[in-house]
Amino acid sequence: MVAVAGSFACGIGLAPLCRHYAFGGLAAAVSMLIAAAFLSYLKTKPLLTFTLAQSAVLSCGMLLALAHRDGYGGEDLRTLLSRQDFPLNQPVLFEGRIKEGGPIFGEEIEVVVEIRRFRRKNRWIAAKGKGVLSIVPADPADRSGLKDSLVPGVDLRAWAVWKAPRNFENPGSADRIATLARRGIFLTGRTKSSRLIESLSRESFHPLTILANFIRKKVRGSLEPIRDGGDGQAAAILACLLVGDQSALDGGTREIFQNAGCFHILVVSGLHVAWIAGAWLVLARFMRIPYRLRYASAAGLILLYAWTVGFQAGITRCLWMFLLYLAGRLILRRADAANIIFSAAWILLAANPGWLYHAGFQLSFLSVSAIVLTAVPAIDRWLMPALLPLKNAGDPDRLFLEPSPGYRWGRKLRTRFELFAEWADDALPFGGAAILRPLARLAAYSGIFAGSMILLSAAVQIWIAPLVGFYFNRISWIAPLSNPAIVPLASLSLASGISAAAAAGVPFCGPALVRFAGAATSLLLDLSGYVNGIAGAWQRCPTPPAAAVLAGILLLLLWKFFRWNRFWIPCVYVLALTGFTACGALKPPQALFQKALQTITAGKTAKASGGNTRLSITFLDVGEGDSIVIRFPNRRLWVLDAGRLHRNPSGGDGFDTGEAVVSRYLWHQWAGNPDRVLLSHTDIDHAGGIPALLRNFRVACLYHPASRMDPILSGILQVARRRKTQARPVHAGMEEKVGPVTVRVLHPQPGAAEPSENDNSLVLHFTFKNFTALLTGDLEKRGESELLALPANLECLLLKVAHHGSRSGTSSAFLDAVRPRWAVVSAGRDNPFGHPSPEVLMRLERRGVRVHQTLNEGAVTFSTDGISYEISSHVGGVLEGGTLE
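For every chain, the first residue of the written sequence is number 1, and numbering continues from 1 along that sequence. Given that this is a predicted model, residues contribute local features only at a pLDDT of at least 70 and side-chain atom pairs are listed and counted only at 80 or more, while totals for whole chains, interfaces and linings are drawn from all residues. Here the side-chain values reflect all heavy atoms present in the structure, with hydrogen atoms and water set aside.

## Some thoughts on the overall build of the protein chain
- To qualify as a helix, a DSSP run of H or I must reach at least 4 residues; to qualify as a strand, a run of E must reach at least 2; elements of each kind are numbered from the N terminus. Each helix and strand in the protein chain was counted, giving 30 helices and 24 strands.
- Note that the radius of gyration is over C-alpha atoms, with the globule rule given as 2.2 Å times the number of residues to the power 0.38. Taking 29 Å as the expected radius of gyration for a compact globule of 885 residues, we find that the protein chain reaches 31 Å, a close match to that expectation.
- Seen along its three principal axes, the alpha-carbon backbone of the protein chain occupies a region of about 100 × 75 × 70 Å.
- Residues classed as buried in the protein chain amount to 50% of the 885 residues present.
- Long-range contacts, defined as pairs at least 24 residues apart, comprise 68% of the intrachain contacts of the protein chain with a sequence gap of at least 6.
- Using a 1.4 Å probe, the Shrake-Rupley method yields the accessible areas, and only the shown protein chains count as cover for residues. Entry remark: accessible area of the protein chain is about 40700 Å², with carbon and sulfur atoms responsible for 62%.
- Between the mean site of the 92 positive side-chain charges and the mean site of the 64 negative ones, the protein chain shows a separation of 8 Å. Each residue is assigned to one of three classes by its accessible area relative to the maximum for its type, calculated with a 1.4 Å probe on protein chains only: buried under 20%, partly exposed between the two thresholds, exposed over 50%. Contacts are residue-level and defined by heavy atoms, with any inter-residue pair within 4.5 Å sufficient. When charges are counted, Lys and Arg contribute as positive and Asp and Glu as negative, whereas His and the chain ends are disregarded. By convention, the point assigned to a charge is CZ for Arg, NZ for Lys, CD for Glu and CG for Asp.

## Overview of the nonpolar core
- One finds I237, F257, I265, L266 and L524 to be the most contacted residues of the largest nonpolar core, which totals 52 residues.
- Elements supplying a minimum of two residues to this core: α7 (207-228), α8 (232-243), α10 (270-286), α11 (291-309), α12 (313-330), α17 (479-502) and α18 (509-532).
- When residues of this core are assigned to their parent elements, the largest contribution, 10 residues, is made by α8.
- Joining through side-chain atoms within 4.5 Å is the link that ties buried Ala, Val, Leu, Ile, Met, Phe, Trp, Tyr and Cys residues into a set, and such a set is a nonpolar core. Ranked by size, the runner-up nonpolar core spans 41 residues in total, among them L366, W463, C571 and L577.

## Some details on the pattern of salt bridges
- By salt bridge we mean one thing: a side-chain nitrogen of Lys or Arg within 4 Å of a carboxyl oxygen of Asp or Glu. The full count for this structure, using the stated rule, is 21 salt bridges.
- Residues D85 and R83 are paired through a salt bridge, measuring 2.9 Å at the closest nitrogen-oxygen approach.
- R83 sits in the partly exposed class, given a relative accessible area of 46%.
- The network of salt bridges with common partners includes E95, R117 and R157.

## Observations regarding a nonpolar patch on the surface
- Distance thresholds for patches are 9 Å for like charges and 5 Å for nonpolar side chains (Val, Leu, Ile, Met, Phe, Trp, Tyr), applied to residues having over 30% relative accessible area and no salt bridge. Together, F50, L550, L554, L558, F561, F562 and W564 make up an exposed nonpolar region whose accessible area comes to about 660 Å².
- The greatest single-element share of the nonpolar patch, amounting to 4 residues, is contributed by helix α19 (residues 546-561).
- Tracing the chain through its elements places L550 in helix α19.

## Remarks on the environment of R408
- Relative to the helices and strands, R408 resides in helix α15 (residues 405-427).
- Distance in space between the C-alpha atoms of R408 and P674 is 55 Å, their sequence separation being 266 residues.

## Section: the side chain of E784
- As for its placement among the helices and strands, E784 is situated in helix α27 (residues 781-788).
- For E784, which is buried and forms no salt bridge, the nearest opposite charge comes from R843, at a distance of 6.8 Å.
- Within polar-contact distance, the side chain of E784 engages the side chain of S811 at 2.9 Å.
- Excluding residues that lie within four positions of it along the chain, E784 makes contacts with L779, G809, T810, S811 and F814. Side-chain atoms alone can form a polar contact between residues adjacent in sequence; in general such a contact is a pair of N or O atoms within 3.5 Å, and within protein one must be able to donate a hydrogen while the other accepts it.

## Let's talk about the confidence of the model for the protein chain
- For every residue, the pLDDT score states the predictor's confidence, bounded by 0 at the bottom and 100 at the top. Confidence in the prediction for the protein chain averages 85 pLDDT; 92% of positions are at 70 or higher.
- The model gives residues 601-610 a pLDDT under 50, and that stretch makes 18 contacts with residues more than four places away or in other chains.
- Low pLDDT (under 50) marks residues 648-653, which in the prediction has 20 contacts with non-local residues, meaning those over four places away or in another chain.

## Topic: the pairing of strand β17 (residues 763-768)
- Among the 6 residues that make up β17, 5 are buried, leaving the element largely enclosed by the rest of the structure.
- Across 5 bridges, strand β16 (residues 741-747) lies against β17 in antiparallel orientation. The residue bridging V743 from the neighbouring strand is F766, located in β17.
- Strands are treated as partners if at least two bridges between them are detected by DSSP. Bridge count for β17 against strand β18 (residues 771-775) is 5 bridges, and the pairing is antiparallel. Residue pairing across strands places L764 opposite L775, the latter belonging to β18.

## Points about the side chain of R631
- Among the secondary structure elements, R631 is positioned in strand β10 (residues 628-631).
- Notably, R631 is buried but unbridged: the nearest opposite-charge side chain belongs to D675, and the N-O separation is 10 Å.
- Looking at R631, its side chain comes within polar contact range of the side chain of Y665, at 3.2 Å.

## Describing the sheet that holds strand β14 (residues 726-730)
- In spatial order, the strands read β14-β13-β12-β11-β10-β9-β22-β23-β24; together these 9 strands make up an open sheet with mixed pairing. Looking at strand neighbours, the two that pair on one side only are β14 and β24 (877-883), the edges of this open sheet. For this sheet the average axis-to-axis angle between neighbouring strands, irrespective of direction, equals 15°.
- Alignment of strand β23 (residues 868-873) against β24, held across 6 bridges, turns out to be antiparallel. Paired with I871 across the bridge in β24 is E880.
- Packed onto the sheet, helix α26 (residues 711-722) meets β13 (701-705) and β14 and runs at close to 165° relative to β13. Every axis corresponds to a line fitted to the C-alpha atoms, with the helix fit spanning only the stretch in contact, and the corresponding angles, defined between N-to-C directions, vary from 0 to 180 degrees.

## Observations concerning the pairing of strand β11 (residues 637-640)
- Of the two faces of β11, the one lined by L637 and V639 and the one lined by W638 and L640 are each fully buried.
- In textbook terms, the turn of a hairpin is the stretch between consecutive antiparallel strands, and for β10 and β11 this stretch comprises 5 residues, one of which, R635, has a positive phi near 70°.

## Remarks on the packing of aromatic side chains
- Any Phe, Tyr or Trp ring, taking Trp's six-membered ring, that has another such ring centre within 6.5 Å forms a pair; planes under 30 degrees apart are called stacked, those over 60 apart edge-to-face, and the others tilted. All told, the structure shown has 22 aromatic pairs when counted by the stated rule.
- Relative to Y325, the ring of F322 lies with its centre 6.4 Å away and its plane at 45°, an arrangement referred to as tilted. Of this pair, F322 and Y325 both sit in helix α12, 3 residues apart, which is roughly one turn of the helix.
- Residue classification places F322 among the buried positions, given a relative accessible area of 12%.
- Residue class for Y325 comes out partly exposed when judged on its relative accessible area of 27%.
- Taking 5.4 Å as the distance between ring centres and 35° as the angle between the ring planes, the aromatic pair formed by F580 and W670 counts as tilted. Here W670 lies in the loop between α23 (657-668) and β12 (676-678) and F580 lies in helix α20 (residues 568-582), a separation of 90 residues in the sequence.
- Judged by its relative accessible area of 31%, F580 falls in the partly exposed class.

## Things to note about the environment of D395
- With respect to the helices and strands, D395 occurs in the loop between α14 (359-391) and α15.
- For D395, a relative accessible area of 26% translates into the label partly exposed.
- Residues D395 and I553, spaced 158 residues apart in sequence, show a C-alpha to C-alpha distance of 44 Å.

## Details of the packing of α10 against α11
- Where α10 meets α11, the closest approach of the two axes is 10 Å, and the angle between their N-to-C directions is 145°. The hand of the α10/α11 crossing is right-handed. Across from H272, V273, I276, A277, W280, L281, A284 and R285 in α10, the residues of α11 making contact are R294, Y295, S297, A298, L301, I302 and Y305.
- Grouping the constituent residues of the contact of α10 with α11 by class yields 11 nonpolar, 2 polar and 2 charged. Whether a crossing is left-handed or right-handed is set by the direction in which the near helix is turned from the far one by less than a right angle, anticlockwise for left-handed and clockwise for right-handed. In this classification, Asp, Glu, Lys and Arg are treated as charged, Ala, Val, Leu, Ile, Met, Phe, Trp, Tyr, Cys and Pro as nonpolar, and every other residue, Gly included, as polar.

## Points about the sheet that holds strand β19 (residues 798-800)
- Taken in spatial order, the 7 strands make up an open sheet running β15-β16-β17-β18-β19-β20-β21, and their pairing is mixed. At either margin of the open sheet sits one strand with a lone partner, and together these are β15 (735-738) and β21 (850-853). Adjacent strand axes in the sheet meet at a mean angle of 20° when their direction is disregarded.
- Sheet analysis places strand β20 (residues 822-825) next to β21, joined by 4 bridges and oriented parallel. Bridging from a neighbouring strand, A823 pairs with V851 of β21.

## Here we look at α8
- Along its 12 residues, α8 runs 16 Å from first to last C-alpha, staying within 8% of the 16 Å computed at 1.5 Å per residue.
- With respect to burial, α8 is a largely interior element, 11 of its 12 residues being buried.
- When we look at burial in α8, the residues that qualify are Q233, A234, A235, A236, I237, L238, A239, C240, L241, L242 and V243.
- Buried residues along α8 sit against α7, α9 (251-259), α10, α11, α17 and α18.
- Directly beyond the C-terminal end of α8, a positive phi value near 70° is found at G244. An expected span of 1.5 Å times one less than the residue number is assigned to each helix.

Quick look at the structure:
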């Protein structure tokens, strides 16, 4: 089964490379399968039979993935969007059913809606597909009540403005369009008031949906006393553990568990299923329920739990693994753990091939594979033989005469203990052996438990560490030691939370269980916080190459599949890859990575990113905001602004562009730690991501304009102090030489107090041989007038258009003084402000300025050695090149 699941997954992985295909592919797969069956019947040429069979399975995986990708009808949203039959960017009346109840995001509530039909030109048109809908409550105080009414299974009719989802087009940015498409989501929409919801109906509720909603509501209600007692995060953690609701978790709590290497306990998976199924099986056995009915009802209980928390990768894997195990028990077959794991993987991929690319699916199956293929054999081969003899000390019938090295060491340990016990029995008047033997058994039990937990945790970390680094840019060195302590405490919190929810409303018992669950969860949070605070326990890291991560996973799987000796070889490779990635902030690994990248791409990447002798200015696509990454010829790195932070007043996470876009770009490029982070001004679309940069990197100095203190700047300076980053106000007249590049500050004037934050923007002028650039922040006409009054020469070749191309800036007089050849506009697609303004674009066009916009081209990079230049974009590749005059 391992080979079948592996071949099937390989076929799915190869499907994106296939753009043109025909029915002949299916015929070829069937032919290979028939040939393999015939050869298997003849019992000849087993290697050829195996090859043909696996080739057929691989072809089936590829064809199934292609069918899921391209096999849709005329009512599918993809067809309607391609024919422009679905109205975008305008109010449209639609009917649909809520499939997923989402979190409160900022002032809005997000839900996933399955669209059934929509109204266009006085007629209803059938549709099939899902969209993410953000709903603004008419009464902000009633957000929670509105969320409770927007539960899965509710039919609704509402007005919304729908848009096609878009990506941040930067190297290293997540492919949001593909991620949503794998969930069947092809639209994002917004209802600007809950009053635009014409109707909500629960008549179509499935019985399991009704029961699941009741369970969720009962669990949330049972946690209210904890929340009312001031321990909101303990209640949020319990909501995660019990029903998978992460909406109330704040960013600090998430980061604590991620850094401690135990965020997995907050994701519903095998730990939760084991507790629920185990508790039921014990209770059912006590109630003398028949054997088969006992296990069948446990499967039904797991199905209900999966329905309650949503069919996520981890819980769905557990459900199918238990069903396969149950099927084996019912037909009196001994279950093989590896076969169960990979059979469940094959079933899930056959149902939805897109799960192969889902980080949760990959981490879930790799973790279980690590336990079954690595940790359990190590425990059986080394730990148990070493401690079982001691556990049975004093029992002459249990001698453990197996010849393995582990048992030899265990027998020596037992012999020495028994000799010591006999000596104690003779030397001590009260009979030392009677006391020492129970202590030895207790020590053996404790050693088996602690050793098993450490081996389990270490094996899982070896298997998933490169993948965690690839997806989350995080390495938790302490995870193998923290999990043995945190996971049992999480199990206690989970068990007490289940008991508290079940006993809710019961006098005395219910409140006592709620208090105990809250105390256990608070202890869990405190312990995780303590682990998080240990120096060197964790770190952020660059993105390891995808090929190197895939090679490590394949080595681990193939080594176990073929049962090769010296399993330490792939483990050493994985540890070396993790160590190399961890050192990514140092100059030698950066240089080695950039050299490898240059070799692979024949020098193009090095040229685009700056090389060793080039100045590179990259305008990132951060939506409606600014972020500029500047690489100097001497490898110094500056970052000017870091995009927007979407706040979430309800306590959950907002979307942080500094974390999700700017930091990921720097990690993907192995750019290292910025020497300077510069803040142009304190508007949220420029300053919102700065704290994330300060937390994720060791920044030497923070430059900010000398402006009046506001909450945003105060928060940034607080993070800078905590990270021991020097903060320095800058003003006009300051100048710095960075290698051969001269950087001058032209604005704001020292001591000036501008009435507008935009007119207080930091303006920088770069000079590098024949090249000049002017970065203007959000400067408006008043600030431009101050610049024009200066005796400084404002002429430049490259202009960053101020305020995203707003009509309030980039005046004709300013352009006449600057006389740029190229201009870059950083703005978001379909933004509500109409940026960039057609008037500004017309002014630039009349002067012959070549304009590049991040909303169309993604990240735009200008690279120069001061004599020649090259302009490239993430979407279009190399756009222009030549010699500077």
